[in-house]
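Survey of secondary and tertiary structure
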Amino acid sequence: MRRVAVALVHWPCVDRAGELYATSVTNLDIHDIARSSRTYGVDAYYVVHPIKAQQELATAIARFWDDGKARDRNPDRTEALSRVRVVESLEAAISAETAELGSRPLVLSTSAKGGSGVWSYDEARHAIASGPGTLVVFGTGHGLAQQALDLTDALVAPIDGADDYNHLAVRSAVAIILDRLLATTR
Ligand code: SAM
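To start, this report covers the structure provided alongside it. Predicted, not measured: the structure shown is a model, and the values here were computed from it.

1. Concerning the packing of helix α6 (residues 121-130) against helix α8 (residues 170-182)
α8 packs onto α6 with a crossing angle of 65 degrees between their chain directions and a minimal axis gap of 8 Å. Contacts between α6 and α8 involve Tyr121, Ala124, Arg125 and Ile128 from the first element and Ile177, Asp179, Arg180, Leu181 and Leu182 from the second. Of the residues that constitute the contact of α6 with α8, the class distribution is six nonpolar, no polar and three charged.

Have a look at this one:
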């Protein structure tokens, strides 16, 4: 499989009023997205936060499971969390993947809102399979700010459910989207 990475962006995001906003890192998002990443063969999971104290917290949560006792008790969790990389910006995540690949990855963004020109999951699967490598970007709060979307090449279609309510927790959205993009059984 081609190299695939995910990024969870805590800034730049927007709040309820559409204003620029930084969210806090959460233990659940770090753990659960790391497990989904491991399950679907994602090589790196970037936790993006510009604030040093939040970077240190995210690093401490991920590294806790690298300690001898924790590793012995739950090696599956250690393995999942070993792909967490804490970075200060989405640009840094793109640069790190560019260094891994030797060329810029395809950068896909996600949102609960649609829009013209969104890629279907078939289009995205095809691009992932034929491209150099891919970074799939997820937001927090009320979603990615325009300045984050401007760094991406395409927006994949929103997940829709029973009706017009589709506001998923980001860790649920990551699991569904990774399944649609990367599952080997459909
Ligand atoms: N209204 C926001 C939006 O349009 O993205 C919802 C933000 S949601 C709490 C946080 C993140 O989860 C989003 O930035 C997106 O990455 C992901 N997400 C949540 N629901 C989604 C959906 N239905 N389709 C695609 N991504 C979704």
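2. Details of the environment of Phe138
Summarising the element assignment, Phe138 is placed in strand β7 (residues 134-138). For Phe138, a relative accessible area of 3% gives the class buried. Those residues in contact with Phe138 that sit more than four places away from it in its chain are Val6, Ala7, Leu8, Val9, Thr110, Leu144, Val170, Ala173, Val174 and Ile177.

3. Considering the pattern of salt bridges
For the coordinates displayed, the defined rule picks out seven salt bridges. For Arg3, the salt bridge goes to Glu97, with nearest N and O atoms at 2.7 Å. Here Glu97 lies in helix α5 (residues 90-101) and Arg3 lies in the segment before β1 (4-9), a separation of 94 residues in the sequence. Between Glu100 and Arg3 there is a salt bridge whose closest N-O contact spans 3.9 Å.

4. Section: the layout of surface pockets
Considered as a void within the structure, the largest pocket measures approximately 690 Å³ in volume. In this structure, the largest pocket is lined by 26 residues; those nearest its centre are Ser111, Ala112, Gly141, His142 and Gly143. For the lining of the largest pocket, the leading source of residues is α8, giving four residues.

5. Let's talk about the pairing of strand β4 (residues 44-48)
Among the five residues in β4, five count as buried, and that is most of the element. Residues Ala44, Tyr46 and Val48 point to one face of β4 and Tyr45 and Val47 to the other, with burial holding for every one of them. Pairing of β1 with β4, which is carried by five bridges, proceeds in the parallel orientation. Within the sheet, the bridge partner assigned to Ala5 lies in β4 and is Ala44. Where β4 and strand β5 (residues 84-87) come together, four bridges link them in parallel fashion.

6. Focus on the site of the ligand
For the ligand, the set of nearby residues contains 16 residues, the closest of which are Thr110, Ser111, His142, Ile159 and Asn166. A distance of 2.7 Å separates an oxygen atom of the ligand from a polar side-chain atom of Thr110. Ile159 is positioned with one of its backbone polar atoms (N or O) 2.9 Å from a nitrogen atom of the ligand. Protein coverage of the free-state accessible area of the ligand, which is 550 Å², stands at 91%. Applying the majority rule of atoms within 2 Å of the grid points places the ligand in the largest pocket. The dominant element in the shell around the ligand, judged by the number of residues it contributes, is α8, at three residues. Across the shell around the ligand, the residue classes break down as eight nonpolar, seven polar and one charged.

Reading the values: rules and limits
Residues numbered from 1 in each chain as written. Predicted model: local features only at pLDDT ≥ 70, side-chain atom pairs only at ≥ 80, totals over all residues. Heavy atoms only, no water. Axes fitted to C-alpha atoms, helices over the stretch in contact; angles between N-to-C directions. Helix = DSSP H or I, 4+ residues; strand = E, 2+ residues; numbered from the N terminus. Contact = heavy atoms within 4.5 Å. Nonpolar A, V, L, I, M, F, W, Y, C, P; charged D, E, K, R; others polar. Buried < 20%, exposed > 50% of the residue type's maximum accessible area, 1.4 Å probe, protein only. Salt bridge = Lys/Arg side-chain N within 4 Å of Asp/Glu carboxyl O. 1 Å grid on protein atoms, 1.4 Å probe; cavity = no way out; pocket = protein on both sides within 12 Å on 5 of 7 lines; lining within 4 Å. Points joined across faces, edges and corners; volume = space filled by probe spheres on them. Pairing = 2+ DSSP bridges. Near = heavy atom within 4 Å. Polar contact = N/O pair within 3.5 Å; in protein donor to acceptor, adjacent residues only side chain to side chain. Areas by Shrake-Rupley, 256 points an atom, 1.4 Å probe, with all protein chains shown as cover. Sits in = over half its atoms within 2 Å of the grid points.

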